Amino acid sequence: MKPLARHIDLPCTETGGELVFRDHHHNEIHRLSALVAVVYRHADGHTSVTEMVALARKHLKRAVSREMIFSSLDQLSEAGLLMPPPSSASRRIVVPVELLASEASG
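Every value quoted in this text rests on a predicted model; they were computed, and no experiment measured them.

Enquirer: Explain helix α2 (residues 49-60) residue by residue, including any values.
Expert: Between its terminal C-alpha atoms α2 stretches 16 Å, which fits the 16 Å expected from 12 residues at 1.5 Å a residue. Burial in α2 covers these residues: Val49, Met52, Val53 and Ala56. Looking down the long axis of α2, one finds its buried residues gathered within 105° of arc, a one-sided arrangement. Residues of α2 that are exposed and point more than 90 degrees away from the buried face comprise Thr50 and Lys58. Looking at the buried residues of α2, the elements they touch are α1 (34-42) and α3 (66-78). Positioned one or two residues after α2, Lys61 has a phi angle of 55°, which is positive.

Shown next, in the form of structure tokens:
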């Protein structure tokens, strides 16, 4: 699993490792703890959960588990700050019908 954050163009403030986004359009404030902020910053679609554990441990200088990363991802998802995972249909290979017909008759 390699999560991808939905990066939004909102005013952002960092205080003590926490990130605060102010969404004036939806009249919401998103306050991310230091751990969730680390996960958000590394949710680039290329970094795995295992890699996020190591990055969070290094950045926060404390023990971090996979469960804590998954909990952080759940919080980001609930806040609408993660892109939805690609559907299985988007990973299928599309073959033109004409090609299938020629294979069947050949």
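Enquirer: Which residues make up the pattern of salt bridges, and what values do they have?
Expert: A side chain with one charge can pair with a side chain of the opposite charge if their charged atoms come near. According to the stated counting rule, one finds two salt bridges in the structure shown. Here Arg41 and Glu14 are joined by a salt bridge, their closest N and O atoms 3.0 Å apart. With Arg41 in helix α1 and Glu14 in strand β1 (residues 12-15), this residue pair connects regions lying 27 residues apart in the sequence. Ionic pairing is found between Glu18 and Arg31, a salt bridge with its closest N-O pair at 2.7 Å. In this pair, Glu18 is assigned in strand β2 (residues 18-23) and Arg31 in strand β3 (residues 28-32), connecting sequence segments 13 residues apart. Exposure remark for Glu18: the relative accessible area of 23% places this residue in the partly exposed category. By relative accessible area, Arg31 is classed as exposed at 62%.

Here is what the cut-offs are and how they apply
- One numbering rule holds for all chains: residues counted from 1, following each sequence as written.
- Where totals are concerned, whole chains, interfaces and linings use all residues; where local detail is concerned, this predicted model gives features only for residues with pLDDT of at least 70, and gives and counts side-chain atom pairs only at 80 or more.
- Computation of side-chain values covers all heavy atoms of the structure but excludes hydrogens and water.
- Think of it this way: any DSSP run of H or I at least four residues long counts as a helix, any run of E at least two long counts as a strand, and we number them from the N terminus.
- The length a helix should cover is 1.5 Å for every residue beyond the first.
- Note on exposure labels: buried denotes an accessible area under 20% of the residue type's maximum, exposed denotes more than 50%, and partly exposed covers the range between, all computed with a 1.4 Å probe on protein chains only.
- The reported arc concerns the directions from the helix axis to the C-beta atoms and nothing else.
- Contacts between residues were defined by any pair of non-hydrogen atoms, one from each residue, lying within 4.5 Å.
- Whenever Lys or Arg places a side-chain nitrogen within 4 Å of a carboxyl oxygen from Asp or Glu, that contact is recorded as a salt bridge.

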